[in-house]
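Spelled out from the first residue to the last, the chains are:
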Amino acid sequence: TRYIGDWSSDVCSSDLLLLSDWAEAMVAKFNWTIRDLRTNDRDPPDCLATVNGRSAGLEVCELTDGDFLKWKKHAWKEYGRRPTNDHGPAFFDTQWTEERFRAELGSLIEKKEHIYARRGLTVDYLIIYSFERWLFPHQVEAWLKPGDFGPYEHLREVYLLLEKPAGQAYSPVYRLT
């Protein structure tokens, strides 16, 4: 599984890279126009852009298997090597189920909604990315149902972005609100 920390210690560059993938997917899938993607010096939101002719704020966050990451951090002592979720004890624990996926995604969105409500901010686009190895586009498509999430007062639109599969023209993207 690839996590944001694997790319760069520069969060702004990583956010722009992810949002470039999101923009490419939105243009391809929904025929949007996205221009002037740039970091925001007054974060939040993380980045700014012109989306379909309108100035917009974009916030990025990650859907990860937090329990696995905590376990992985300390498990090397037990195994004498860096553990992975490809085999061994972590393999079955890191498989996504519909119930777990929906609960974790809903919890993450609610957390972000509360953060922005407390700050009195509204974010135009919340982009949740996940490069979880055992979370597949066909599962996400089957598990998401219209109207599952939202509406939210402080999040205008929420999207989920998955890692681009080899040979696919753009990353899978799903509107959640």
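Our structure's up above, just so we're on the same page.
Heads up: these notes are all about the structure in this document. Numbers given for residues are sequential positions, taken from 1 along each chain in its written order. Since the coordinates come from a predicted model, pLDDT governs what is reported: local features require at least 70, and pairs of side-chain atoms require 80 or more to be given and counted, while whole-chain, interface and lining totals use all residues. Computation of side-chain values: all heavy atoms of the structure, hydrogens and water removed.

### Structural notes on unusual backbone geometry
Move 1: In this model, P44 is joined to P45 through a cis peptide bond whose omega is -5°.
Move 2: Tracing the sequence through the fold places P45 in the loop between β1 (34-39) and β2 (47-51).
Move 3: A cis amide bond, omega 5°, links G150 with the succeeding residue P151.
Move 4: Strands here are runs of E lasting at least two residues and helices are runs of H or I lasting at least four, both read from the DSSP assignment and numbered beginning at the N terminus. Position of P151 among the secondary structure elements: in the loop between α5 (137-143) and β5 (155-162).
Move 5: In this model, N31 sits at a positive phi of 60°, which is unusual for a non-glycine residue.
Move 6: In this fold, N31 is placed in the loop between α1 (11-30) and β1.
Move 7: Phi angles above zero are rare outside glycine, and D36 is one such case at about 55°.
Move 8: Within the secondary structure layout, D36 lies in strand β1.

### Some details on the nonpolar core
Move 1: We define a nonpolar core as any set of buried Ala, Val, Leu, Ile, Met, Phe, Trp, Tyr and Cys residues linked to one another through side-chain atoms lying within 4.5 Å. With a 1.4 Å probe rolled over the protein chains alone, any residue whose accessible area is under 20% of its type maximum counts as buried; one over 50% counts as exposed, and the rest are partly exposed. Counting residues in hydrophobic clusters, the biggest one holds 24 residues, and the most contacted among them are F101, L105, I109, I128 and L176.
Move 2: Counting residues in each nonpolar core, the second largest holds 21 residues, with A23, M26, C47 and Y129 among its members.

### Looking at the sheet that holds strand β3 (residues 54-62)
Move 1: Spatially, β1-β2-β3-β4-β5-β6 is the arrangement adopted by the 6 strands of the open sheet, whose pairing is mixed. Across the chains shown, the open sheet's two edge strands, defined by having one partner strand only, are β1 and β6 (173-175). Ignoring strand direction, the axes of neighbouring strands in this sheet form an average angle of 25°.
Move 2: One ladder, built from 4 bridges, connects β1 with β2; its direction is antiparallel. Whether two strands pair depends on DSSP finding at least two bridges between them. Each axis is a line fitted through C-alpha atoms, and for a helix only the stretch in contact is used; angles between axes span 0 to 180 degrees, taken between their N-to-C directions.

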